[in-house]
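Remarks on the overall topology
Each chain is listed here by its residues.
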Amino acid sequence: MNNSLKALIESLIFVSQEPVTLAQLGTIVEGVEAAEIEAAIEDLIREYEAEGRGIHIIRAGGGWLYSTKPAHDREVRRLLQIERKNRLSSAGLETLAAIAYRQPVTQSEVSAIRGVDSTGALKTLLEKKLIKIVGRKKAPGNPLVYRTSDEFLLYLGLDSLDGLPSEAEIAKILEEEKAVEAEP
Amino acid sequence: MNNSLKALIESLIFVSQEPVTLAQLGTIVEGVEAAEIEAAIEDLIREYEAEGRGIHIIRAGGGWLYSTKPAHDREVRRLLQIERKNRLSSAGLETLAAIAYRQPVTQSEVSAIRGVDSTGALKTLLEKKLIKIVGRKKAPGNPLVYRTSDEFLLYLGLDSLDGLPSEAEIAKILEEEKAVEAEP
Amino acid sequence: MPETPVEEAPPVEDASVPPSAEAASDGYQVRLDVFEGPLDLLLFLIRKKKIDIHDIPIAAITRDYLGYLDRKTEINLDREAEFVFIAALLIYIKSQMLLPRETDLAEHEDPRRVLIDRLVEYEKVKAACSLLREREDVQILQWKRDFIPPLHGESELEPVELSLFDLAESFFRMMKRREADDTRVIRGRDVPIEVKMKELVTLLQERHVLDFLEYFESHASLEEALVSFFCILELVKSRVAVAVQDELFQTIRVWLRKDPHRTAAHE
């Protein structure tokens, strides 16, 4: 393994606030094959996942970035003096899921899927920057159109929207729920 | 060497914006001797200083923090340049919003909307090419008249200014009673 | 549960335990003090009766549904209108099913179709939620940095991103703020014409030539600019100063008349 390449990539991923993509690395590390860069990253990831390391490199939002490991959540929060991160409410998560799977969508489309008015949930998701307004639909009233944001991918640790649970996974969950249901 | 202590300290130094002091670590890692904490830090420092590592832990401001190694300075800066988008301060954002919604406008009109002198913010926005001068107003002093630029639209992914959320829509989104829907 | 604005993340001590165990309690069997929406309630009834979602006995489900609506305690009352809307839809479908028909309906003519499609879609979203919740539970325990670590030398990056919503929100807040401010009377300072006149003459003496537009823009208030404007008019009228515009739309230059003969050439 090319040690100096690995060191360079380590510093690049480390310094960035956003996920660093292979394309970005390729521009900076000139004259090195993408495969070699990827191999160096794989190597780095393996090293950080080892016992005794407090941070690791995760793949999300189309690139790589550092984060602390889940085990240290409590201590990290104590140091930064911040409260535990709240989960989204079920209304918020449901709205987010409807947008994620049906995007681009309008407020009324989301509300139709959920069967309840979703204006409030949309507002909170916008404030949390998990969704964004991407334009208007060419339809009566020209309603605003929403999409999930890059922060959404980071929030759920997804590499891209392709990483959303698939139809098959969803079907499996539904089967399981029905099976549990059937038990006495 | 206590591996989990070292991992914990690694995550704490990683996540802190300020240098992490021994005293801080002592409060968080309860029941561990200061000497043991220091030994763990020394160990971490040694590991990062090794060949093939791109970042290291430095001592500064009475504590420890991560920094990139000088060897990668050029590449690190290039990455940050690539990544760096047109980022705006809140004054810049406000000024841009005032211009976007009230264009064509003069400096004094923008300042009146914001309630503070906006000369500096206008200059920054001009430099970032988010706004442009389109002429002078036929009014005392013939003040310069500003509009948002094409780059502004590109930046927001809008086809035209018609894509900006209307005041009524924004009001609706933001003033929605929180009680209607539990917050996500 | 849906009434609670935020849910606590699982305790940190459980970080090593797969969060799916927690998420499973989100399933239908244990759940729901209150049904948040009508589709939620319908799905619950369908599952309770172990009914095939594609072949819902509308009469029975409608009866159960209306029963819940009557009790009110089990539904989110803020959503009552939406519950009633679905009740109306159920009753409508039921009436359609009762209409005598000569031949069996083709599948796409089934009056239940519209409801079934919505329920199937909603059921999928709910199932996706339980999977997304698992991801969320892992991710919220991991902390990313929201700053750039020190580089060698200076670093001046501001971590602010612009979005359409940020922009619109910023404008909205600003207008709200202004609305509040407008109740307050803002008074510009009074500018006596004599004072301004003296100031202007001094400036003309110092600079010799003054750019008219530039001079105007340097004023903090419109009132002050107007006073200056009258001063210049006055000075020109009394032939103390000369104002020249070389071309239309170009700036106007002003200077003090020193030698009447020389300046006359400019006029």
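Reading guide: rules and limits
- Residues numbered from 1 in each chain as written.
- Chains lettered and ligands numbered in written order.
- Predicted model: local features only at pLDDT ≥ 70, side-chain atom pairs only at ≥ 80, totals over all residues.
- Heavy atoms only, no water.
- Helix = DSSP H or I, 4+ residues; strand = E, 2+ residues; numbered from the N terminus.
- Buried < 20%, exposed > 50% of the residue type's maximum accessible area, 1.4 Å probe, protein only.
- Contact = heavy atoms within 4.5 Å.
- Areas by Shrake-Rupley, 256 points an atom, 1.4 Å probe, with all protein chains shown as cover.
- Buried area = accessible area lost by both parts, 1.4 Å probe.
- Salt bridge = Lys/Arg side-chain N within 4 Å of Asp/Glu carboxyl O.
- Polar contact = N/O pair within 3.5 Å; in protein donor to acceptor, adjacent residues only side chain to side chain.
- Nonpolar A, V, L, I, M, F, W, Y, C, P; charged D, E, K, R; others polar.
- Axes fitted to C-alpha atoms, helices over the stretch in contact; angles between N-to-C directions.
- Parallel < 35°, antiparallel > 145°, perpendicular 65-115°, else oblique.
- Phe/Tyr/Trp six-rings, centres within 6.5 Å; stacked < 30°, edge-to-face > 60°.
- Lys NZ or Arg CZ within 6 Å of the ring centre and 35° of its normal.
- pLDDT = per-residue confidence, 0-100.
- Pairing = 2+ DSSP bridges.
- Core = buried A, V, L, I, M, F, W, Y, C linked by side-chain atoms within 4.5 Å.

Focus on the overall build of chain C
When helices and strands are counted, chain C shows 10 helices and 3 strands. Ordering the α and β elements of chain C from the N terminus gives α-α-α-α-α-α-α-β-α-α-β-β-α. In chain C, which comprises 267 residues, the share counted as buried stands at 42%. A separation of at least 24 residues holds for 58% of the contacts in chain C among residues at least 6 apart in sequence. With an accessible surface of roughly 15200 Å², chain C has 55% of that area assigned to carbon and sulfur atoms.

As for the overall build of chain A
When its secondary structure is counted, chain A shows 9 helices and 5 strands. Here chain A holds 184 residues, and the buried ones make up 56% of them. Put simply, of all contacts in chain A between residues at least 6 apart along the chain, 46% involve residues at least 24 apart. Carbon together with sulfur atoms contributes 51% to the accessible area of chain A, which is approximately 7600 Å² in total.

Structural notes on the interface of chain B and chain A
By a frequent convention, interface size equals the accessible area lost on bringing the separate parts together. Listed per partner, the contact involves 48 residues of chain B and 55 residues of chain A. Approximately 4500 Å² of surface area, both sides summed, lies buried where chain B meets chain A, with 62% of it carried by carbon and sulfur atoms. Inspection of the region where chain B meets chain A yields 4 salt bridges. Taken together, the links from chain B to chain A amount to 13 residue pairs in polar contact (both at pLDDT 80 or more). Looking at the side of chain B that touches chain A, the elements that each hand over two or more residues are helix H1 (3–15), helix H2 (22–28), strand S2 (63–68), helix H4 (73–83) and helix H9 (167–175) of chain B. When the residues that make up the side of chain B that touches chain A are grouped by side-chain class, the tally is 20 nonpolar, 13 polar and 15 charged.

A short note on unusual backbone geometry
The bulk of non-glycine residues show a negative phi, and the bulk of peptide bonds are trans. All names here are of chain A. Residue Pro104 is bonded to the preceding Gln103 through a cis peptide linkage, with omega at -5°. With respect to the helices and strands, Pro104 occurs in the loop between helix H5 (90–102) and strand S3 (105–106). The backbone phi angle of Lys129 is positive, close to 60°, even though this residue is not glycine. Along the polypeptide, Lys129 turns up in the loop between helix H7 (119–127) and strand S4 (131–136).

Topic: the packing of helix H5 (residues 90–102) of chain B against helix H7 (residues 119–127) of chain B
All names here are of chain B. Taken N-terminus to C-terminus, the directions of H5 and H7 make an angle of 80°; their axes are 9 Å apart at the nearest point. Classified by the angle between their axes, H5 and H7 sit roughly perpendicular to one another. On H7, the residues that touch Ala91, Gly92, Thr95, Leu96 and Ile99 of H5 are Ala121, Leu122 and Leu125.

Thoughts on the packing of aromatic side chains
One pass over the structure, following the stated rule, counts 9 aromatic pairs over all chains. Between Tyr48 of chain B and Tyr66 of chain B, the ring centres sit 5.2 Å apart and the planes meet at 85°, which makes this aromatic pair edge-to-face. With Tyr48 of chain B in helix H3 (residues 34–49) and Tyr66 of chain B in strand S2, this pair connects stretches of sequence that are 18 residues apart. Taken together, the ring pairs connect Phe14, Tyr48 and Tyr66 of chain A together with Phe14, Tyr48 and Tyr66 of chain B into an aromatic cluster. The ring centre of Trp64 of chain A lies 4.4 Å from the NZ or CZ of Arg59 of chain A, which sits over that ring. Seen from the ring of Trp143 of chain C, Lys85 of chain A lies directly overhead, with NZ or CZ sitting 4.1 Å from the centre.

A closer look at the confidence of the model for chain A
A residue-level look at chain A finds 97% of positions with pLDDT of 70 or above and a mean pLDDT of 90. When the elements of chain A are averaged for pLDDT, helix H9 (residues 167–182) of chain A gives the smallest value, 83, and H5 of chain A the largest, 95.

A word on H7 of chain A
Residues and elements named next belong to chain A. Counting buried positions along H7 yields 8 of 9 residues, so the element is predominantly enclosed. Listing the buried residues of H7 in full gives Thr119, Gly120, Ala121, Leu122, Lys123, Thr124, Leu125 and Leu126. Trailing H7 by a residue or two, Lys129 shows a phi angle of about 60°, which is positive.

Some points on the sheet that holds strand S3 (residues 105–106) of chain B
Residues and elements named next belong to chain B. Pairing is antiparallel in the open sheet, where 3 strands are placed in the order S3-S5-S4. Unpaired on one side and paired on the other, S3 and strand S4 (131–136) mark the two borders of the sheet. Strands in contact with H7 are S4 and strand S5 (144–148); relative to S4, the strand with the most contacts, it is inclined by about 110°.

Regarding the pattern of salt bridges
All chains considered together, the criterion is met by 36 salt bridges over all chains. In this structure, Arg53 of chain B engages Glu10 of chain A in a salt bridge whose closest nitrogen and oxygen atoms are separated by 2.8 Å. Within this pair, whereas Arg53 of chain B is found in the loop between H3 and strand S1 (55–60), its partner Glu10 of chain A is found in helix H1 (residues 3–15), the two belonging to separate chains. Overall, the relative accessible area of 11% leaves Arg53 of chain B in the buried class. Of the charged contacts, one joins Arg133 of chain C and Glu136 of chain C as a salt bridge, the two residues approaching to 2.7 Å between their closest N and O atoms. Residue Arg133 of chain C and its partner Glu136 of chain C are located together in helix H5 (residues 113–139), separated by 3 residues, close to a single helical turn. Each of Glu94 and Arg114 of chain A together with Glu36, Asp40 and Lys126 of chain C takes part in a single network of salt bridges with overlapping partners.

Re the nonpolar core
Formed by 49 residues in total, the largest nonpolar core has its most connected members in Ile9 and Tyr66 of chain A together with Ile9 and Tyr66 of chain B. Not counting the four nearest positions on each side in its chain, Ile9 of chain B is found in contact with Leu25, Ile37, Ala40, Ile41 and Leu44 of chain B. Counting 29 residues, the second-largest nonpolar core is a separate cluster that includes Val105 and Tyr146 of chain A, Ile173 of chain B together with Ile140 of chain C.

Re the side chain of His72 of chain B
Within the fold, His72 of chain B resides in the loop between S2 and H4. With residues near it in sequence (within four places) discarded, His72 of chain B still touches Ser4, Ala7, Leu8 and Ser11 of chain A together with Arg53 and Gly54 of chain B.

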